[in-house]
Amino acid sequence: MELLKFEGETLTDDGGILRRIKVKGEGYTNPNDGASVDVHLEGRCGGRLFDCRDVSFIVGEAEDKGVPLGVDRAMDKMQKGECCVLYLQPKYAFGSEGKPEYKIGPDQEIVYEVTLKEFKRVKESWEMDLNEKLNLALGVKHKGNYYFKAGRYHQAVIQYQRIVSWLEMECGTGIEQQKRIQDFVLTSHLNLALCYLRIKEFSQVVENCNKVIELDENNEKALYRRGEARLLRNEFSLAMADFQQVLQVNPSNRAARAQISICQSKIKEHHEQDKRTYANMFQKFAERDAKTRRSKRRRDDSIRNSMNGEVVTKRRRRSQDCPY
């Protein structure tokens, strides 16, 4: 075994998972989503060992075995035989709920030492034909729905994204097959938008709703969810436009009507705040200008007085220099 330098690398854009490799793995392949893995785990919190076991799980479904999201998400970077230490922020550990059975409170950072002993990859998208993808997509969708209902939104996202990656670029043959593909893709994007709303990643909500609207410009749910995300991003005018479009699609949507009222109140409140801000700004400018003018006047007076003094002095000197 080769002992590597204890240097770290971040595995996520938000820096929530830091990996330090202790022992390099073998080969060049990694587990993919859906792969079966056998690992040895040692989990610590504040230096206390709370988890030490051998466990097998499906990548993307690790929480079914009590394994935190951060360990699950690190799998596709590991190789067989690799041993690494993962430093997990609360989002990728046990979150705001903690893990009472491990005596871990909410929002705790934890450390896992992980050894990947064996794994078996599943087929990649390009290795499957369209019928295989469609048959698998239904089960993956049900799994995502299960995670969503359990409040495990990050895990639900993984499942819905798998469906999108399989089917988004597929065309299908025949009207019926094309409709199945579009239904899966559209539903997955809608579900992703809902998951991202729950975890407050509003840019992702807008992005997934846009994907739906590209397929169905009058999709009521996509317009409404995009409006919600924009409202929460303080984009009040854009949000109101979305809710107004919802009413064009379904005039009886009371929730959209209520949201329009909220947007109007927010816009008015924002304008009033701008007025106060600008009024204060102009008042400060006026006070500053007045102060500048006073300073200039005092300076001019001082210069004038000084010059008058010099003139008087010169006259006195000339009178003294004149012969009697």
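Residues numbered from 1 in each chain as written. Predicted model: local features only at pLDDT ≥ 70, side-chain atom pairs only at ≥ 80, totals over all residues. Heavy atoms only, no water.

**A few points about the layout of surface pockets**
Here comes step 1: The space that makes up the largest pocket amounts to roughly 670 Å³.
Here comes step 2: For the largest pocket, the lining is made up of 23 residues, of which Glu63, Phe94, Gly95, Glu97 and Gly151 are closest to its centre.
Here comes step 3: By residue number, the principal contributor to the lining of the largest pocket is helix α3 (residues 153-167), which donates three residues.
Here comes step 4: By residue class, the composition of the lining of the largest pocket is eight nonpolar, seven polar and eight charged. (1 Å grid on protein atoms, 1.4 Å probe; cavity = no way out; pocket = protein on both sides within 12 Å on 5 of 7 lines; lining within 4 Å. Points joined across faces, edges and corners; volume = space filled by probe spheres on them. Helix = DSSP H or I, 4+ residues; strand = E, 2+ residues; numbered from the N terminus. Nonpolar A, V, L, I, M, F, W, Y, C, P; charged D, E, K, R; others polar.)

**Looking at the UniProt feature "repeat: TPR" (unreviewed entry) in the protein chain**
Here comes step 1: According to UniProt, the "repeat: TPR" (unreviewed entry) feature falls on residues 186-219 and 220-253.
Here comes step 2: With 79% helix and 0% strand, residues 186-219 has its two end C-alpha atoms placed 10 Å apart.
Here comes step 3: As a span, residues 220-253 carries 79% helix and 0% strand, and end to end its C-alpha atoms are 9 Å apart. (UniProt positions renumbered as here; feature names shortened; annotations may be inferred.)

**Concerning the pattern of salt bridges**
Here comes step 1: The tally for this structure, following the rule as stated, stands at 25 salt bridges.
Here comes step 2: Residues arginine 73 and aspartate 72 are paired through a salt bridge, measuring 3.7 Å at the closest nitrogen-oxygen approach.
Here comes step 3: By relative accessible area, arginine 73 is classed as partly exposed at 21%.
Here comes step 4: The salt bridge involving glutamate 170 is made with lysine 133; its shortest N-O contact spans 2.6 Å. Of this pair, glutamate 170 sits in the loop between α3 and α4 (175-198) while lysine 133 sits in helix α2 (residues 130-149), and the two are 37 residues apart along the sequence.
Here comes step 5: Residue classification places glutamate 170 among the partly exposed residues on the basis of a relative accessible area of 26%.
Here comes step 6: Within the structure, one salt-bridge network assembled from shared partners comprises Glu61, Glu63, Asp64, Lys143 and Arg152. (Salt bridge = Lys/Arg side-chain N within 4 Å of Asp/Glu carboxyl O. Buried < 20%, exposed > 50% of the residue type's maximum accessible area, 1.4 Å probe, protein only.)

**Here's the deal with helix α6 (residues 220-232)**
Here comes step 1: The end-to-end C-alpha distance of α6 is 18 Å, a good match for the 18 Å that 13 residues give at a rise of 1.5 Å each.
Here comes step 2: Burial in α6 covers these residues: Ala222, Leu223, Tyr224, Arg225, Arg226, Gly227, Ala229, Arg230 and Leu231.
Here comes step 3: Where α6 begins, one side-chain oxygen reaches toward the backbone nitrogen of lysine 221, 3.2 Å away; that side chain belongs to asparagine 219.
Here comes step 4: Among the residues trailing α6, asparagine 234 stands out with phi positive, at a value near 65°. (Expected span 1.5 Å × (residues − 1). Polar contact = N/O pair within 3.5 Å; in protein donor to acceptor, adjacent residues only side chain to side chain.)

**Overview of the side chain of lysine 99**
Here comes step 1: Within the fold, lysine 99 resides in the loop between β5 (83-88) and β6 (110-120).
Here comes step 2: If sequence neighbours within four positions are ignored, lysine 99 has contacts with Gly66, Phe94 and Ile104. (Contact = heavy atoms within 4.5 Å.)

**What about the pairing of strand β2 (residues 17-23)?**
Here comes step 1: Judged from the three bridges that link them, strand β1 (residues 8-10) and β2 form a sheet pairing that is antiparallel. From the neighbouring strand, threonine 10 faces β2, where its bridge partner is leucine 18.
Here comes step 2: The antiparallel pairing of β1 with β2 creates a hairpin that spans six residues between the two strands, and glycine 15 there sits at a positive phi of about 70°.
Here comes step 3: One ladder, built from six bridges, connects β2 with β5; its direction is antiparallel. Its bridge partner lying in β5, isoleucine 21 is registered against cysteine 84. (Pairing = 2+ DSSP bridges.)

**What to know about the pairing of strand β3 (residues 36-45)**
Here comes step 1: Judged from the 10 bridges that link them, β3 and strand β4 (residues 48-58) form a sheet pairing that is antiparallel. Paired with serine 36 across the bridge in β4 is isoleucine 58.
Here comes step 2: A loop of two residues connects β3 with β4, the two strands running antiparallel in sequence, and glycine 46 in this loop sits at a positive phi of about 60°.
Here comes step 3: Direction of pairing for β3 relative to β6: antiparallel, over a ladder of nine bridges. Residue valine 39 lies in a different strand from β6, and its bridge partner there is leucine 116.

**Comments concerning the environment of valine 59**
Here comes step 1: Along the chain, valine 59 turns up in the loop between β4 and α1 (69-74).
Here comes step 2: Taking the C-alpha atoms as reference points, valine 59 and alanine 74, separated by 15 residues in sequence, lie 9.5 Å from one another.
Here comes step 3: If we skip the residues at most four places from it in the chain, valine 59 touches Pro31, Asn32, Asp33, Gly34, Ala35, Val37, Asp72, Arg73 and Met75.

**Here we look at the packing of α3 against α4**
Here comes step 1: Contact geometry of α3 with α4 gives a least axis separation of 9 Å together with a crossing angle of 155°. The orientation of α3 with respect to α4, classified from their angle, is roughly antiparallel. Like other packed secondary-structure pairs, α3 and α4 cross with a definite hand, here left-handed. For the pair formed by α3 and α4, the contact residues are Tyr153, Ala156, Val157, Tyr160, Gln161, Ile163, Val164 and Leu167 on the first element and Ile181, Phe184, Val185, Ser188, His189, Asn191, Leu192, Cys195, Tyr196 and Arg198 on the second.
Here comes step 2: Here the contact of α3 with α4 is built from residues that sort into 13 nonpolar, four polar and one charged. (Axes fitted to C-alpha atoms, helices over the stretch in contact; angles between N-to-C directions. Parallel < 35°, antiparallel > 145°, perpendicular 65-115°, else oblique. Left-handed = near helix turned anticlockwise from the far one by under 90°.)

**Digging into a positive patch on the surface**
Here comes step 1: Where like charges cluster on the molecular surface, the positive patch consists of Lys291, Arg293, Arg294, Arg297 and Arg298.
Here comes step 2: By secondary structure assignment, the location of arginine 293 is in helix α8 (residues 254-321). (Patch = residues over 30% accessible without salt bridge, like charges linked within 9 Å, V, L, I, M, F, W, Y side chains within 5 Å. Areas by Shrake-Rupley, 256 points an atom, 1.4 Å probe, with all protein chains shown as cover. Lys, Arg positive; Asp, Glu negative; His and termini not counted. Charge placed at Lys NZ, Arg CZ, Asp CG, Glu CD.)

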